Amino acid sequence: MFRLLLVFLLLTTNLFAQAADPAQNTDAQSQYYVSDEIGVIMRSGPTNRYRVTGRLVAGTPIEVLASDTANESSQVRTADGEKGWIQSQYITDQPTVRALYAELQTEHEALKQELSDTKQQVADKQNVITLNDQLQQQVSELQNESDTLRQQNELLKGRFHKDVFYAGAFVLLVGMLISWVLSRFSMKRRQRSGWR
């Protein structure tokens, strides 16, 4: 509890010191912001007697050019080059909630895009894994088909060899039969003609 109170006091003291005269160290840091008010009136001079030249919304980045401690005003220049005077109490060197919100929005969009890219990469990897599984299944089926065809080829080779053997044996038998028939026919002819 004591530490929390101490941190709160340090922050409060720091904020009051910055609000008292934010322009006193303009050389060290020239980037300031309009504080978290709805808006700040910018005038042509350091007091309320000068005419209003514009209005700055909270979070507008400004550069402090000069400081009038007597009137508690600072001359500032906006990013688009517009110059004027505003009360020093509305100047802070800390980014406002609006500026931080804009930064967080930008960071949020970047993270959203990164998440989307990561999801796409994961989906792509999942698609690759699925495709790989399908291809492995196809390779397995083709391997099985190749094994079946190899077995059928071996059976056909064996059957062909048997068929060739039987065909050769058949031709040999037919040849022997024809030879025997021809020899018998020739022998009968010789017997008729008287030759022995």
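Keep in mind it's a predicted model, so treat the numbers as computed, not measured. (Residues numbered from 1 in each chain as written. Predicted model: local features only at pLDDT ≥ 70, side-chain atom pairs only at ≥ 80, totals over all residues. Heavy atoms only, no water.)

1. Notes on the overall build of the chain
At step 1: When its secondary structure is counted, the chain shows two helices and seven strands.
At step 2: Sequence-ordered secondary structure for the chain, helices as α and strands as β, is α-β-β-β-β-β-β-β-α.
At step 3: Split into buried and exposed, the 196 residues of the chain put 18% on the buried side.
At step 4: Contacts in the chain between residues at least 24 apart in sequence constitute 51% of all its contacts with a sequence separation of at least 6. (Helix = DSSP H or I, 4+ residues; strand = E, 2+ residues; numbered from the N terminus. Buried < 20%, exposed > 50% of the residue type's maximum accessible area, 1.4 Å probe, protein only. Contact = heavy atoms within 4.5 Å.)

2. Some details on the nonpolar core
At step 1: If you look at the biggest cluster of nonpolar residues, it comprises nine residues: Tyr32, Val40, Met42, Leu56, Ile62, Val64, Val76, Ile86 and Ile91.
At step 2: At the level of elements, β2 (39-43) and β4 (61-68) are the ones that each hand at least two residues to this core.
At step 3: Once residues within four sequence positions are removed from consideration, Met42 is found in contact with Arg51, Val52, Thr53, Gly54, Leu56, Val76, Glu82, Lys83, Gly84, Trp85 and Ile86. (Core = buried A, V, L, I, M, F, W, Y, C linked by side-chain atoms within 4.5 Å.)

3. Considering the pairing of β4
At step 1: Alignment of β4 against strand β5 (residues 73-78), held across six bridges, turns out to be antiparallel. Considered in β5, the bridge of Asp68 is made with Ser73.
At step 2: Counting the residues between successive antiparallel strands, the hairpin from β4 to β5 contains four residues, one of them, Glu72, with a positive phi of roughly 50°. (Pairing = 2+ DSSP bridges.)

4. Considerations on the pattern of salt bridges
At step 1: Counted under the stated rule, the structure contains three salt bridges.
At step 2: Residue Lys112 pairs with Glu109 through a salt bridge whose shortest N-O separation is 3.8 Å. Remark: Glu109 and Lys112 occur in helix α2 (residues 97-193); sequence separation between them is three residues, near one turn of the helix.
At step 3: A relative accessible area of 45% places Lys112 in the partly exposed class. (Salt bridge = Lys/Arg side-chain N within 4 Å of Asp/Glu carboxyl O.)

5. Let's talk about the side chain of Thr60
At step 1: By the secondary structure assignment, Thr60 is in the loop between β3 (52-57) and β4.
At step 2: A distance of 2.7 Å separates a polar atom in the side chain of Thr60 from the backbone oxygen of Val57. (Polar contact = N/O pair within 3.5 Å; in protein donor to acceptor, adjacent residues only side chain to side chain.)

6. A few points about the pairing of β5
At step 1: Sheet analysis places β5 next to strand β6 (residues 83-87), joined by five bridges and oriented antiparallel. Bridge pairing links Ser74 to Ile86 in β6.
At step 2: Hairpin remark: β5 followed by β6, antiparallel, with four residues in the connecting loop; positive phi at Gly81, about 90°.

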